[in-house]
Amino acid sequence: MVGEENVLVDAAARLARATGLSYLDLLRRRAASADFPVPDAVVLPADPDEVQAVLDVCVRHDVGVVPFGGGTSVVGGVAALRGEKASVIALDLVRLDALVSVDAESRIAVLQAGVRGPAAERLLGEHGLTLGHVPQSFERATIGGFAATRSAGQASSGYGRFEDMVTGVRLATPRGPWKLGVAPASAAGPDLRQLAVGSEGTLGVITEVALRVRPAPQVRRYEGYALPGWTAGAEAVRDLAQHHALADVTRLSDVDETEVSLALNAGLKTAALRRYLAARGVRRPCFLIVGWEGTAHDVALRRRETTRRLKAAGAVRVGKALGESWRHGRFAGPRQRDVLLDMGVCVETLETAAYWSNVDELRDDVRAALTAALGRAIVMCHISHAYETGASLYFTVLTARDEADPVGQWQRAKAAASEAIAGLGTISHHHAVGVDHAPYLGAEIGSLGVEVLRAAKSAVDPTGILNPGKLV
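Residues numbered from 1 in each chain as written. Predicted model: local features only at pLDDT ≥ 70, side-chain atom pairs only at ≥ 80, totals over all residues. Heavy atoms only, no water.

(A) Spotlight on the overall build of the protein. When you go through the protein residue by residue, the secondary structure sums to 17 helices and 18 strands. Taking 472 residues into account, the globule formula puts the C-alpha radius of gyration at 23 Å, and the protein, at 22 Å, falls close to it. In terms of its C-alpha atoms, the protein occupies a principal-axis envelope of roughly 70 × 60 × 40 Å. For the protein, the residues scored as buried account for 53% of the 472 residues in total. In the protein, once contacts between residues fewer than 6 apart in sequence are set aside, the share between residues at least 24 apart is 76%. Accessible surface computed for the protein: about 20,200 Å², of which carbon and sulfur atoms make up 54%. For the protein, the separation between the mean place of its 52 positive charges and that of its 53 negative charges on side chains is 7 Å. (Helix = DSSP H or I, 4+ residues; strand = E, 2+ residues; numbered from the N terminus. Rg over C-alpha atoms; globule rule 2.2 N^0.38 Å. Buried < 20%, exposed > 50% of the residue type's maximum accessible area, 1.4 Å probe, protein only. Contact = heavy atoms within 4.5 Å. Areas by Shrake-Rupley, 256 points an atom, 1.4 Å probe, with all protein chains shown as cover. Lys, Arg positive; Asp, Glu negative; His and termini not counted. Charge placed at Lys NZ, Arg CZ, Asp CG, Glu CD.)

(B) How the structure looks around the UniProt feature "domain: FAD-binding PCMH-type" (unreviewed entry) in the protein. Here, UniProt's "domain: FAD-binding PCMH-type" (unreviewed entry) annotation points to residues 35-216. Secondary structure across residues 35-216 divides into 23% helix and 26% strand, with the first and last C-alpha atoms of the span separated by 46 Å. (UniProt positions renumbered as here; feature names shortened; annotations may be inferred.)

(C) Broad picture of the domain arrangement of the protein. Once the domains are mapped, the protein shows domain 1 (99-215), domain 2 (219-328) and domain 3 (333-421). On a C-alpha basis, the centroid separation for the pair domain 1 and domain 2 is 31 Å. Taken together, the contact between domain 1 and domain 2 spans 6 residues of the former and 6 residues of the latter. For the pair domain 1 and domain 2, the summed buried area comes to about 480 Å², and 53% of that belongs to carbon and sulfur atoms. For the pair domain 1 and domain 2, the interface holds 0 salt bridges. Run the count over domain 1 and domain 2 and you get 2 residue pairs in polar contact (both at pLDDT 80 or more). Per-class residue counts for the side of domain 1 that touches domain 2 are 2 nonpolar, 4 polar and no charged. (Domains from an automatic or database assignment. Buried area = accessible area lost by both parts, 1.4 Å probe. Salt bridge = Lys/Arg side-chain N within 4 Å of Asp/Glu carboxyl O. Polar contact = N/O pair within 3.5 Å; in protein donor to acceptor, adjacent residues only side chain to side chain. Nonpolar A, V, L, I, M, F, W, Y, C, P; charged D, E, K, R; others polar.)

(D) Structural context of helix α16 (residues 406-421). Taking 1.5 Å of rise per residue, the 16 residues of α16 would be expected to cover 22 Å, and the 23 Å separating its terminal C-alpha atoms lies within 8% of that figure. Those residues of α16 that sit buried are Pro406, Gly408, Gln409, Trp410, Ala413, Lys414, Ala417, Ser418, Ala420 and Ile421. Of the surrounding secondary structure, the elements contacted by the buried residues of α16 are α2 (23-30), β16 (345-355), α15 (356-374), β18 (390-400) and α17 (438-460). Directly after α16, the chain includes glycine 423, whose backbone phi takes a positive value near 95 degrees. (Expected span 1.5 Å × (residues − 1).)

This is how it looks when you write it as structure tokens:
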């Protein structure tokens, strides 16, 4: 179907597509452990028709198929599980890397699923356009992965979450091709695009995505503020959200995360900054990063309202240096994690979201659960995305690695945090479900909801070859 040279069976190719990038994935890779599954082959189709042809073969021979994009999943979403299948392949979409079309009048671009974040911006930039979707995984993650996991970019307050951008989607399924999306809005029954978006490769292999795009920004302005504590900071962000005054990027760090930022950022002249903030009544600061993108007039207009409200909330302007430092270093987290792993540190993240009335309780409960499970640990938190009705909380955890049982150490901590989340917030705001969150999905959507998802899977994948063991 794809040519012999595009079916890889060597160990290096198979191992490279065996896992994502979670802390446990990295531990297993570093230990050269044999306790994680590896695909039996890697198949690299060239276009949507070849993807469909590969699925047809896999249905005929009952071979499991794990769609693979950038490999950035941190929830077991691309683990090469085979379920009840005798064999499984990793279906790597790297060759589906084209900009298919641009409808400048409608501001819709169609991109193939294997296009990575930077390439998407380059291809669109040639037409004076941008997608504006920049999650921390931007450098490696793909258009298909963004869609399959309902990704949220750092500037989603301005550009929207990824599912807000999707106007159409093309999938290959075990039952045949499936294409959705014909109009900007429709009352023709439930929106099945939203069933495909977030399906995590269990309902079909996304091969093309039609996306709402916008003119490339003329101006980008990022700056930092400090607020006197978490409560004041969260209230300020809520005020911005509920008065439609959010910046495109709005990110509030708690006191602990702010302290780490101060310790690591030599360019901030920390001692002088502390004196400056203390003189203005901010002794335990929470840093707020705000950033706007667009035309000069639009940025100036929106910035004026945002900063007016921040000043009224008691925010102290730190300046552009803090905002630009964050913008230029926002993809450094994974590389910093590698260094910390070398030093024997257990370092991992998790995220959730809740309504404003539950945000503080959720933060406190998750921090308490992680601390109880890990003992001495640094638990940092920031609001990564804000909405009129609530916000996403993103936690970063650092503790000394238990060399006797490093896997169990984090599994117990993650389970404790997930139990704390249940009933207060969502098990995942933008990392998806995968394997790790599947045990908690039923509590969130109900047993009937799980049955609905299983019924949808049965309709498009009756023999269960697609991404075994994920989502449900």
